[in-house]
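Overview (structure and organization)
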Amino acid sequence: MATTTARLLQLLGLLQAQAVWTGEELAERLAVTTRSVRRDVDRLRELGYPVQSSRGTGGGYQLGAGRALPPLLLDQEEAVAVAVCLRLAAGGTVAGVGEAALRTMAKLDQVMPAAIRAHVAAVQEATISVDYQGTTVDADSLLALARAVREHHQARFDYTARDGAASYRRVEPYRLIATGRRWYLMAFDLDRDDWRSFRLDRMTEVRASTFGFTPREAPDAEEYIRRSVHSGWEQEATVRLHCAVGEVDEYVARWGTLTAVDDGHCDLRVGAHSLDAMAWWLLRLPTDFEVLDNDELVTAYGRLATRTAQLAGHAVG
């Protein structure tokens with residue numbers, strides 16, 4: 001009986017780890033016959049787990065959605081990953097998720113073996129979360145869009161643009177992208193017959209349609225969102241950095257576009273809503289640079305230089 005129970009738990013874990021398994025694949029992983037797999041699947045169904053099966057090409061066994069979540073079987077690395085992500089979610093940008101994340105952390109801590117709990121505690125004790133003013137999004141909207149992306153269903157929502165203009169959108173949603181401060185949706189706008197990016201915090205009345213769609217050939221989501229975000233800046237500039245791309249790419253990350261000039265120089269294209277904010281941000285880079293195409297940015301550095309000199313003059317020695 002103990003062997004059968006252990007095999008059932010292993011089977012449940014396999015069904016959770018992959019969408020569809022053939023009987024032969026499960027039999028090989030469990031080191032049993034396909035007949036034993038069928039009996040074990042029947043036992044899981046008797047216990048209330050909605051294991052579905054289908055025949056033919058692409059068929060097999062899969063764990064369907066049920067009235068209650070089955071127990072998750074996590075190894076040490078998975079448990080640590082889940083616990084750390086829950087901690088981040090507790091202070092994240094999805095509205096209403098923080099309290100649920102805290103409750104889930106408490107439940108997970110209660111059932112984790114001592115060894116895994118020690119690893120989780122070590123990671124959490126060594127981690128500091130710095131609060132920032134991120135823009136929160138509605139959890140129900142996020143989930144509705146995520147399901148629409150996964151199931152290839154159209155989505156509809158009301159949208160308010162940056163200039164305050166309101167519109168109703170019908171889209172084919174392709175990817176959700178989190179930039180750290182905001183969530184974006186990359187989608188094909190059916191009424192405008194073109195690709196668009198949308199900020200989730202500007203959406204209301206988000207709902208997934210029952211109309212499915214065949215995925216189109218899509219642009220790279222990360223690059224598309226980066227270009228879309230940067231194209232909305234009120235101020236843009238190109239600066240030439242006195243270093244190779246590899247020396248600053250970790251500082252720039254997604255906040256700008258780097259282009260190599262030669263072994264000792266590269267150009268950085270950046271944008272911001274404020275010239276002073278751009279000027280301060282560029283000063284954090286660990287290299288000298290020159291402004292190539294924005295005289296107002298040069299003027300902003302003049303203002304910062306005057307202010308810095310005044311502060312230095314009042315410094316207490």
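Each value, and the rule that gives it
Residues numbered from 1 in each chain as written. Predicted model: local features only at pLDDT ≥ 70, side-chain atom pairs only at ≥ 80, totals over all residues. Heavy atoms only, no water. Buried < 20%, exposed > 50% of the residue type's maximum accessible area, 1.4 Å probe, protein only. Helix = DSSP H or I, 4+ residues; strand = E, 2+ residues; numbered from the N terminus. Arc of directions from axis to C-beta. Pairing = 2+ DSSP bridges. Axes fitted to C-alpha atoms, helices over the stretch in contact; angles between N-to-C directions. Contact = heavy atoms within 4.5 Å. Core = buried A, V, L, I, M, F, W, Y, C linked by side-chain atoms within 4.5 Å. Parallel < 35°, antiparallel > 145°, perpendicular 65-115°, else oblique. Phe/Tyr/Trp six-rings, centres within 6.5 Å; stacked < 30°, edge-to-face > 60°. Lys NZ or Arg CZ within 6 Å of the ring centre and 35° of its normal.

The protein appears in an unreviewed UniProt entry as Helix-turn-helix transcriptional regulator from Flexivirga alba.

1. A word on helix α2 (residues 23-30)
Every α-helical turn comprises 3.6 residues, leaving residues that sit three or four positions apart pointing alike. Every buried residue of α2 is listed here: Gly23, Leu26, Ala27 and Leu30. Within α2, the buried residues cover an arc of 100° as seen down the axis, which keeps them to one side. Those residues of α2 that are exposed and aimed more than 90 degrees away from the buried face are Glu24 and Glu28. Phi turns positive, to about 60°, at Ala31, one or two residues after α2.

2. Describing the sheet that holds strand β12 (residues 265-272)
Ordered by their spatial adjacency, four strands build an open sheet running β11-β12-β10-β13, and the pairing between neighbours is antiparallel. Either end of the sheet is taken by a strand with one partner, and the two such strands are β11 (256-262) and β13 (289-291). Between one strand and the next, the sheet's axes are offset by a mean angle of 25°, whatever the strand orientation. The pairing of β11 with β12 spans six bridges and is classified as antiparallel. Following the sheet pairing, Ala260 is matched in β12 by Cys266. Those strands touched by helix α10 (residues 275-283) are β10 (235-241), β12 and β13, and its axis lies near 145° from that of β12.

3. Let's talk about the pairing of strand β6 (residues 166-178)
Here six bridges tie strand β5 (residues 153-160) to β6, and the two strands are oriented antiparallel to one another. Among the inter-strand pairings, Ala155 is bridged to a residue of β6, identified as Val171. As consecutive antiparallel partners, β5 and β6 are separated by five residues, and within that stretch Gly164 has a phi angle of approximately 95°, a positive value. The sheet contact formed by β6 and strand β7 (residues 183-189) spans seven bridges and is antiparallel. Bridge pairing in β7 links Val171 to Asp189.

4. Some points on the sheet that holds strand β9 (residues 203-212)
A sheet is described by the order of its strands in space; here five strands give the open sequence β8-β7-β6-β5-β9, paired in antiparallel fashion. A strand with exactly one partner marks an edge of an open sheet, and here the two such strands are β8 (194-199) and β9. Each neighbouring strand pair of the sheet contributes to a mean axis angle of 45°, computed without reference to strand direction. Inspection of the sheet shows β5 paired to β9 by five bridges, in the antiparallel sense. Bridge pairing in β9 places Arg156 opposite Arg207. Seen against the sheet, helix α7 (residues 139-151) touches β5, β6, β7 and β9 and runs at an angle of roughly 75° to β6.

5. Details of the nonpolar core
With 20 residues, the main nonpolar core has Val239, Leu241, Leu268, Met278, Leu282, Leu297 and Tyr301 as its most contacted residues. Grouped together as the second largest cluster of nonpolar side chains are 17 residues, Leu145, Phe157, Tyr159 and Met203 included.

6. A short note on the packing of α10 against helix α11 (residues 295-313)
Between α10 and α11, the shortest axis-to-axis distance is 9 Å and the interhelical angle comes to 75°. Compared by their axis directions, α10 and α11 come out roughly perpendicular. Within the contact between the two elements, α10 uses Leu275, Asp276, Met278, Ala279, Trp280, Leu282 and Leu283 and α11 uses Glu296, Leu297, Ala300, Tyr301, Arg303 and Leu304.

7. Considering the packing of aromatic side chains
Taken as a whole, this structure holds seven aromatic pairs when the rule is applied. For the ring pair Phe157 and Tyr159, a centre distance of 6.2 Å and an interplane angle of 70° mean the geometry is edge-to-face. With a centroid separation of 4.7 Å and 70° between ring planes, the pair formed by Tyr174 and Trp195 is classed as edge-to-face. Highlighted residues: Tyr174 in strand β6 and Trp195 in strand β8, separated in sequence by 21 residues. The residues Tyr174 and Trp195 share a single accessibility class, namely buried. Through a chain of ring-to-ring contacts, the aromatic side chains of Tyr174, Phe188, Trp195 and Phe213 assemble into a single cluster. One cation-aromatic arrangement involves Arg216 over Phe188; the distance from NZ or CZ to the ring centre is 3.7 Å.

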